[in-house]
Amino acid sequence: MVQIRAKQVRARVKELPEIIEQYKKLHPKKERNYIGYETLFKKRIRLAIRNLEDLIEESVKDLEIVGKNNNKYSLSLSKRIRLILVKELSQKGNRKIANLLDLFSLLAGTNVSYKTVERLYSDGKVMLGLHNLFVLALKKRGISKIDCCGDATGYSLTITKHYRSYASQLKEKSKDQTFIKKKLFCYKFAIMDLETQMYVCYGSSLKSERAAFDKAMQMLQNLDVKINSIRLDRYYSFPCYVNLFKDSKIFIIPRKNCALANGLKWHETLKEFLLDTMNYLEEYFKRNNSESQFSSDKKMFGWRVSQKLEKRIDTALFARVVWHNLLLIYA
């Protein structure tokens, strides 16, 4: 059995810039085929829209919800789910989507006010239906045991603030608590299957990335999906995160001041990083798939959320997560 010391791991972390440069030379970036990407995207969205009605009906057919306000809606649950998905895909505000329903009504026979559209984001039945649709998409692709990556991103709650520029400012002003407390962004964390690029769990929070991560872990516990291996960025380079995945292989980049005395799982992870750094990095950098898919989602849905209440913000982001998976069912 090979014994390692904390000072060896710290020394290797210091050498990482040179090792990563060497890694990049051995693994040059592939040029993106934009024409092929656009062709594939058109095919995916057409298939998703073509099968959307059947998927929604399947996701709500076994739902039995009992309550005193059960019949207060003028639209059926399946139509309400369809409407919120169309609204998020079109990137329109509540008033605009209500007015555009004249166009959609040619197909669906739907005619509602903007307030009805707005209330969809607080509708617990819609959220439950979206959850069933999310799980159904995973089952359609046969996702059960996965190699995956996890990461977080942010969505602006204002027009003037962009998440990437804000995040860099946040690092500089981390000691300024008044700066941190302003609710300018919503954090979203998702774990993504590397093979299918589908999200397997999701969480969002106005408070912190950690809170979004915790919600995603709660969702994962209720799904029939097992993680074979996972890749997380340096934000999660602590034993408390690594030990959450005791039955999974985990790839993280240790921090400069890391220590060994934090359990067997943490020790084994650091040992693999130290003894086989280049192959370890090859697995770790598959995490970049998360950033790529987040970028793709923001190009499709925008980087801003127009809802104001936390529950409605969560519903809006979850609708986008559902769309992401629907586009990949038939890939």
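Above: the structure in question.
Residues numbered from 1 in each chain as written. Predicted model: local features only at pLDDT ≥ 70, side-chain atom pairs only at ≥ 80, totals over all residues. Heavy atoms only, no water.

## Description of helix 2 (residues 16-26)
Piece 1. Buried within helix 2 we find Leu16, Ile19 and Tyr23. Buried residues of helix 2 fall within an arc of 65° about the axis and therefore sit on the same side. Set apart from the buried face of helix 2 by more than 90 degrees, the exposed residues are Glu18 and Lys25.
Piece 2. Residues of helix 2 that are buried make contact with helix 1 (6-14), helix 12 (264-275) and helix 13 (277-284). (Buried < 20%, exposed > 50% of the residue type's maximum accessible area, 1.4 Å probe, protein only. Helix = DSSP H or I, 4+ residues; strand = E, 2+ residues; numbered from the N terminus. Arc of directions from axis to C-beta. Contact = heavy atoms within 4.5 Å.)

## A few points about helix 3 (residues 34-60)
Think of an α-helix as turning once every 3.6 residues; residues three or four places apart then point the same way.
Piece 1. If you check helix 3, its first and last C-alpha atoms are 37 Å apart, about what 27 residues at 1.5 Å a residue would give, namely 39 Å.
Piece 2. The sharpest bend along helix 3 comes to roughly 50°, located at Leu52.
Piece 3. Of the residues making up helix 3, those classed as buried are Ile45, Ala48, Leu52, Leu55, Ile56, Ser59 and Val60.
Piece 4. Tucked into the core, helix 3 has its buried residues touching helix 4 (77-90), helix 7 (124-140) and helix 15 (310-326). (Expected span 1.5 Å × (residues − 1). Bend = angle between axes of the 7 residues up to and from the residue.)

## Digging into the packing of aromatic side chains
Piece 1. Per the counting criterion, the structure on display carries 13 aromatic pairs.
Piece 2. Ring plane angle 65° and centroid distance 4.9 Å describe the contact between Tyr235 and Tyr236, whose orientation is recorded as edge-to-face.
Piece 3. On the basis of relative accessibility, which here comes to 0%, the residue Tyr236 falls in the buried class.
Piece 4. Here Tyr284 and Phe285 contribute two aromatic rings whose centre-to-centre distance is 5.4 Å and whose plane-to-plane angle is 65°, an arrangement assigned as edge-to-face.
Piece 5. Lying across the ring of Tyr155, Lys298 places its NZ or CZ 5.1 Å from the centre. (Phe/Tyr/Trp six-rings, centres within 6.5 Å; stacked < 30°, edge-to-face > 60°. Lys NZ or Arg CZ within 6 Å of the ring centre and 35° of its normal.)

## Focus on unusual backbone geometry
Piece 1. Phi at Gln197 takes a positive value of approximately 65°, unusual for a residue other than glycine.
Piece 2. Tracing the backbone through its elements, the reader meets Gln197 in the loop between strand 2 (185-193) and strand 3 (199-205).

## Concerning the pattern of salt bridges
Piece 1. Under the defined criterion, the tally for this structure stands at 15 salt bridges.
Piece 2. Where Arg312 meets Glu118, a salt bridge forms, and the shortest distance between an N and an O atom there is 3.0 Å. Of the two residues, Arg312 sits in helix 15 while Glu118 sits in helix 6 (residues 114-119), which places them 194 residues apart along the sequence.
Piece 3. With relative accessibility at 14%, the residue Arg312 sits in the buried group.
Piece 4. For Lys249, the salt bridge identified is with Glu272, shortest N-O distance 3.3 Å. One end of the pair, Lys249, is in strand 5 (residues 249-251); the other, Glu272, is in helix 12, and 23 residues separate them in sequence.
Piece 5. Residue classification places Lys249 among the partly exposed residues on the basis of a relative accessible area of 41%.
Piece 6. Among the charged side chains, a salt-bridge network with shared partners connects Lys87, Glu88 and Arg320. (Salt bridge = Lys/Arg side-chain N within 4 Å of Asp/Glu carboxyl O.)

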